[in-house]
Amino acid sequence: MAQTSSCCDAAIDTYSAWVSPSRGGCWPGMLELPSTTLTVQAGTDGVATYNSITVADASFLRAEQTINLYSGPDGLARLSTQVIASIAGNVITYQGTSAVVMPIGTVVRPAEAIGENTPASMVHPQPVMIDRIVSGIAQSEKTKFAI
């Protein structure tokens, strides 16, 4: 609610900014969110650990974001979940380490919410959903918050 001159005097419409384009009334599914792929294999033998991966496009990711890594090319079977420590170009460094061997083409997707599709996830969106909501709300709606 904008509350620019009195309690609850204006509301903004956020529905179209967060709703799935294919399933009305719910968050977008993981296949409807941005993703990228590994351009360099990560891991060698399933034992030696590493803490960075190289992807095709890291521009929509940010530090402290949770990412899920899925087998390519369809990206449906999750291989790993990591939290980004930093990004330099298209090299992502994890906060932790992994030993999972992930070939070129492994799909990297940001987690849409904490707990992924649990009641908590509908209240606490992660950065990928915040970015989607902010960019999906018309500027004319946002100006209702300006005093």
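As a reminder, the structure under discussion sits directly above these lines.
This text gives an overview of the structure that appears in the document. All values reported here derive from a predicted model rather than from experimental measurement.

The rules we used
- Residues numbered from 1 in each chain as written.
- Predicted model: local features only at pLDDT ≥ 70, side-chain atom pairs only at ≥ 80, totals over all residues.
- Heavy atoms only, no water.
- Helix = DSSP H or I, 4+ residues; strand = E, 2+ residues; numbered from the N terminus.
- Polar contact = N/O pair within 3.5 Å; in protein donor to acceptor, adjacent residues only side chain to side chain.
- Contact = heavy atoms within 4.5 Å.
- Pairing = 2+ DSSP bridges.
- Core = buried A, V, L, I, M, F, W, Y, C linked by side-chain atoms within 4.5 Å.
- Buried < 20%, exposed > 50% of the residue type's maximum accessible area, 1.4 Å probe, protein only.
- Phe/Tyr/Trp six-rings, centres within 6.5 Å; stacked < 30°, edge-to-face > 60°.
- Lys NZ or Arg CZ within 6 Å of the ring centre and 35° of its normal.

## Notes on the side chain of S20
(1) Moving on: Mapped onto the fold, S20 is located in the loop between α1 (15–18) and β1 (36–37).
(2) Moving on: A polar side-chain atom of S20 sits 3.1 Å from the main-chain amide nitrogen of R23.
(3) Moving on: Residues within four places of S20 in sequence aside, it is in contact with C26, W27, P28 and E32.

## Topic: the sheet that holds strand β6 (residues 107–110)
(1) Moving on: On the basis of which strands lie adjacent, the open sheet formed by six strands has the order β1-β6-β3-β4-β5-β2 and antiparallel pairing. Strands at the two margins of the open sheet, each flanked by one partner only, are β1 and β2 (50–54).
(2) Moving on: Strand direction decides the pairing type here: β2 and strand β5 (residues 91–98), joined by four bridges, are antiparallel. Across the sheet, residue I53 finds its bridge partner in β5, namely I92.

## As for the pairing of strand β4 (residues 78–88)
(1) Moving on: Bridge count for strand β3 (residues 66–70) against β4 is five bridges, and the pairing is antiparallel. Among the inter-strand pairings, T66 is bridged to a residue of β4, identified as V83.
(2) Moving on: In the sheet, β4 pairs with β5 via four bridges, with the strands oriented antiparallel. Looking at β5, one finds that A88 is bridged to V91.

## As for the nonpolar core
(1) Moving on: One finds L38, I53, I67, L69 and I92 to be the most contacted residues of the largest nonpolar core, which totals 15 residues.
(2) Moving on: At the level of secondary structure, the elements contributing two or more residues to this core comprise β2, β3 and β5.
(3) Moving on: Not counting residues within four places of it along the chain, the set of residues in contact with L69 comprises L38, I53, A77, R78, L79, S80, Q82, Y94, M102, T106, V107 and V108.
(4) Moving on: Membership of the second largest hydrophobic core comes to seven residues, among which are A17, W27, M129 and I133.

## Details of the packing of aromatic side chains
(1) Moving on: In this structure the tally under the stated criterion is one aromatic pair.
(2) Moving on: Seen in terms of ring centroids, Y50 and Y94 are 6.3 Å apart; in terms of plane orientation they differ by 45°. Their pairing is tilted. On the criterion of sequence distance, the pair formed by Y50 in strand β2 and Y94 in strand β5 is long-range, its members being 44 residues apart. Assigned by exposure class, Y50 and Y94 land together as buried.
(3) Moving on: Here the guanidinium or amino end of R109 rests over the ring plane of Y70, the centre of that ring lying 5.0 Å away.

## Examining the pairing of β6
(1) Moving on: Burial along β6 is two-sided: the residues V107 and R109 and V108 and P110 are all buried.
(2) Moving on: Here two bridges tie β1 to β6, and the two strands are oriented antiparallel to one another. Bridge pairing in β6 places T36 opposite V108.

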